[in-house]
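Below, each chain spelled out in residue letters.
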Amino acid sequence: GQFYVAVHGSALVVILCLFSLSLVAAQARYSIPEEQAEGSVVGNIARDLGLAVERLISGKARIITKGSQQYVNLNRDKGTLVIKERIDREELCGKTTPCSFSFEVILENPIQLYRVTVEVIDVNDNSPTFAKDEINLKIVENAAAATRFSLVSADDPDVGINDIQKYILKPLDHFKLEVQNQPGGGTFIEMVLHNPLDREKEETHTLVLVASDGGEPRRSGTVRIHVTVLDANDNAPVCSQAVYKAEVRENSPEGTVITTVSANDADKGVNGDVTFSIPHVGKEAKLLFEVNNKTGEIKVAGKLDFEKSKTYQLNVQASDHGGYTDTCKVIIQVIDENDNVPTVQLMSFSNSISEDSPPGTTIAVVNVDDEDSEGNGLVRCSINTDVPFKIESSLTGYYTIVSDNILDREGVTDYNITVTVTDQGSPPLSSRKDLNVKVSDINDNPPQFAESEYIMNVPENNSPGFSVFTVNAKDADWGQNAQISYFLEEKEINGVPVSTLVSINSESGVIHAVKSFDYEQIKWFEFNVTARDAGSPPLSSVATVKIMIQDQNDNPPQVLYPIQTGGSVVAEMVPRSADVGYLVTKVVAVDVDSGQNAWLSYKLQKATDRALFEVGLQNGEIRTIRQVTDKDAVKQRLTVIVEDNGQPSRSATVIVNVAVADSFPEVLSEFTDSPHDKEYNDMLTFYLVLALAVVSFLFITCLVVIISVKIYRWRQSRILYHSNLPVIPYYPPRYSDTLGTGTLQHVYNYEVCRTTDSRKSDCKFGSDASQNVLIMDPSSTGTMQRIQSDKNILAQPNSPVEVSQ
Ligand SMILES: *[C@@H]1O[C@H](CO)[C@@H](O)[C@H](O)[C@H]1NC(C)=O
Ligand SMILES: *[C@@H]1O[C@H](CO)[C@@H](O)[C@H](O)[C@H]1NC(C)=O
Ligand SMILES: *[C@@H]1O[C@H](CO)[C@@H](O)[C@H](O)[C@H]1NC(C)=O
């Protein structure tokens, strides 16, 4: 049979006693908590199995363990079982309950076998543990309420009450915990959102999940749950400033940053990215400004012109990707730059001013303007100072340019006036306008001759039309006012109008001789030339032209004495007693030319006896050069040549008969008896016939002259009105009442006297003599009607041959 021994204490020990022939078996049962220290008594097996200690010793009682691990030792001396090594229930059994192990105690002599079972009771020696220390969760902030998030459960190796009994989540403001026991064991824990998250308020939440068991003492394990709230685009951007004010200079280059707008978006990441734009803007401003869509920089994109617009308002839209927007107002003030050049505009301008305009005459009105504002638009207007003009301000923006002085076109013909306008910007801008003002002419200058008197020498015998001289006058004026015409001033010269002597080309001023001048008729004359301009009224001036006619050797000398008569023999008497140097006679000759041309020299050309006479080279005196002897012929014939000094010289010859005798009868006899008597008579006869012819001729001539004079007077009364024939009635200067200055007469007389030179006492200026003498000059090259002025000379040795002394 078998039986159970109940052991006192907490454990029930059943001792099963087996009785058999070979094997007696009894059982004992013990119950111990785990983790007992080594040597701790498990139970008294001797007592419980009813065995004496001696038996145990004698029976060599020992423990037989089937498994590898022997947790218990047998203390034979005391009959107790003790813990051999620490027993861990969790290691031994895991989650299995109840947990026990068994072994046998064997005795020899007799062999006895006893089974002992030890139950290990759980002790709360393990805490709940989580697999991780931390749990990270990312939850979108706009996650809906009741959203569940599962969590891993904790683990506790202990069993029973020592196992996990509850979970606690802290804090519970957003989440609560739901724990479900799985049908197959284990628990399922979930975190449920019950209060919405706001990342903008709290970006992370840290929760603690505590798992606790039911042991005594209670043990617990925790895990941290980090909840990161993920952003949702739930916020609109907000401009940092409601109104931005900025200033920008006009003409700033493109890309100049004016200002930067910024906007804050409470969202994070892309949800907080703000882009800027200017959606609603005028067409004009759109070209002028641009905004950087990322940075919010507002830049100049076009040409800003203060003069077009001074302020701009931009509505910059800040928007995030979620379509939320805000509008930042930007007021941009454009600052003026001195970028506009002042302008000068001619409102009226007369480009010429009369030189007699009084000072203060307006020549131009200008308008100046500058589009800039303030100082940049304030202009000053001036003109150059080297002109006799000044600028005066009239209305605002208008200036007048007026003359400031008396003008003289002859001094300065035109002025360059530079109108300069300068604004007061920095740097100042300026512009200019050039005006050219011409001074218009007034006939204020008379023509001016280079000299007031011109003296011209003209050789006589010039060809008509010969250009004598050119007078030239200058006129400082211009155009018509300087267009000069020349005129001869009417005047009579020796009773004839000056126009019969000279003419003038009214344009060129060339004076032409109208006729051939004869020095012997007129030695000089003067007349006035008027130069007159074509101005209105015209101005004129006068120059005197004096024409000196130059003598030419166009007249041969004329022998006045001795008179050459054909028939009568005129002879000079030379007494035989005459001394050496006796003045026989004097050849008197004149030359109507003057100067060298009238400078006469006398030479003996032929003589009966050259040794007896000589002729004074200068004075024409015939003198004896030796004592007259009886042998000398009574009748001596001398041929004297008179030459003037002109080039070529002209000459005349005269035959002088000299009678060398003491008495007149001697002479007579000599001359009558001379072999020349026949010839003389012939000559006489010839002369008588000639005289008759001459008388007849003279009579007819007288008749003709009288008739001619009548006709002439009748015609002249008509010519005075009609004719300007270049015929000058010639009156000897000396007797002319119209001409004949005293000086001229004197000079003429003087010259004549000087040329004759021989006997000064012979020159008697008769006061009564006034007669024209007609001379037939046989030696002259041509017949010339000459009116001898110097009657005195003619009168002097006028008597026929008189043998005197
Ligand atoms: C921002 O501007 C850049 C170039 O300026 C452009 O490429 C980009 O598309 C713009 N972005 C938006 C969102 O307008
Ligand atoms: C005015 O200017 C013109 C052209 O520049 C020049 O020919 C002329 O000589 C100037 N006149 C004066 C008076 O300076
Ligand atoms: C020339 O004119 C001036 C005055 O203009 C006068 O005095 C002078 O006598 C004139 N001369 C002649 C030769 O007519």
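Per an unreviewed UniProt entry, the protein goes by the name Protocadherin gamma-A10-like and belongs to Kryptolebias marmoratus. Recorded in UniProt under Subcellular location (unreviewed entry), the annotation for the protein is "Cell membrane". Recorded in UniProt for the protein, the comment headed Function (unreviewed entry) runs: "Potential calcium-dependent cell-adhesion protein. May be involved in the establishment and maintenance of specific neuronal connections in the brain."

Q: Explain the environment of E507 here, please?
A: In this fold, E507 is placed in the loop between β39 (502–504) and β40 (510–513). The exposure class assigned to E507 is exposed, which follows from its relative accessible area of 69%. Sequence separation of E507 and S485 is 22 residues, and the distance between their C-alpha atoms is 5.3 Å. Contacts of E507, omitting those with residues within four sequence positions, involve I484 and Y486.

Q: For this particular structure, what's the right way to read the packing of aromatic side chains?
A: The description of an aromatic ring pair rests on the distance of the ring centres and on the angle between the ring planes. Applying the stated criterion across every chain yields a total of 12 aromatic pairs. Site record: aromatic cluster; members linked through ring pairs are F449, Y454, F469 and Y486. One cation-aromatic arrangement involves K310 over F306; the distance from NZ or CZ to the ring centre is 4.8 Å. Lying over the aromatic face of Y519, K523 brings its terminal NZ or CZ to 4.5 Å of the ring centre.

Q: Would you mind going over the sheet that holds strand β36 (residues 484–488) with me for this structure?
A: The pairing of strands in a sheet comes from backbone hydrogen bonds and takes either a parallel or an antiparallel form. With mixed pairing, four strands are arranged side by side in an open sheet as β33-β42-β41-β36. Two strands bound the open sheet, and with one partner strand each, they are β33 (453–459) and β36. Pairwise comparison of adjacent strand axes, ignoring direction, gives a mean angle of 30° for this sheet. For strand β41 (residues 524–533) and strand β42 (residues 540–550), the ladder comprises nine bridges, and the chain directions are antiparallel. Bridged to E526 within β42 is K546.

Q: Can you walk me through the sheet that holds strand β50 (residues 635–643) in this structure?
A: Pairing in this open sheet of four strands is mixed, and the strands run β44-β51-β50-β47 from one edge to the other. Whereas interior strands pair on both sides, the edge strands pair on one side only; in this sheet they are β44 (571–574) and β47 (601–607). Between one strand and the next, the sheet's axes are offset by a mean angle of 35°, whatever the strand orientation. Two strands pair when backbone bridges link them, and β50 and strand β51 (residues 651–660) are joined in this way by nine bridges, in the antiparallel orientation. Pairing of R637 across the sheet is with N657, part of β51.

About the criteria used
- Sequence order as written defines the numbering, with residues in each chain counted from 1.
- To read the labels, note that chains go from A and ligands from 1, taken in the order they are written.
- Predicted model: local features are reported for residues with pLDDT of at least 70 only, side-chain atom pairs are reported and counted for 80 or more only, and whole-chain, interface and lining totals are derived from all residues.
- Heavy atoms throughout the structure, all of them, feed into the side-chain values; hydrogens and water do not.
- UniProt positions are given in the numbering used here, feature names are shortened, and annotations may be inferred rather than shown by experiment.
- Only DSSP runs of H or I covering at least 4 residues are called helices, and only runs of E covering at least 2 are called strands; the numbering of each starts at the N terminus.
- Each residue is placed in one exposure class: buried if its accessible area under a 1.4 Å probe, protein chains only, is under 20% of its type's maximum, exposed if it is over 50%, and partly exposed if it falls in between.
- The contact definition used throughout considers only heavy atoms, calling two residues in contact when any of these lie within 4.5 Å.
- Centres within 6.5 Å make a pair out of two Phe, Tyr or Trp rings, where for Trp the six-membered ring is used; the pair is then stacked when the planes are under 30 degrees apart, edge-to-face when over 60, and tilted otherwise.
- Our definition puts a charge over a ring when NZ of Lys or CZ of Arg is within 6 Å of the ring centre and also within 35 degrees of the ring normal.
- Note on pairing: two strands pair once DSSP finds at least 2 bridges between them.
- Throughout, an axis means a line fitted to C-alpha atoms (over the contacting stretch in the case of helices), and angles, computed between N-to-C directions, take values from 0 to 180 degrees.

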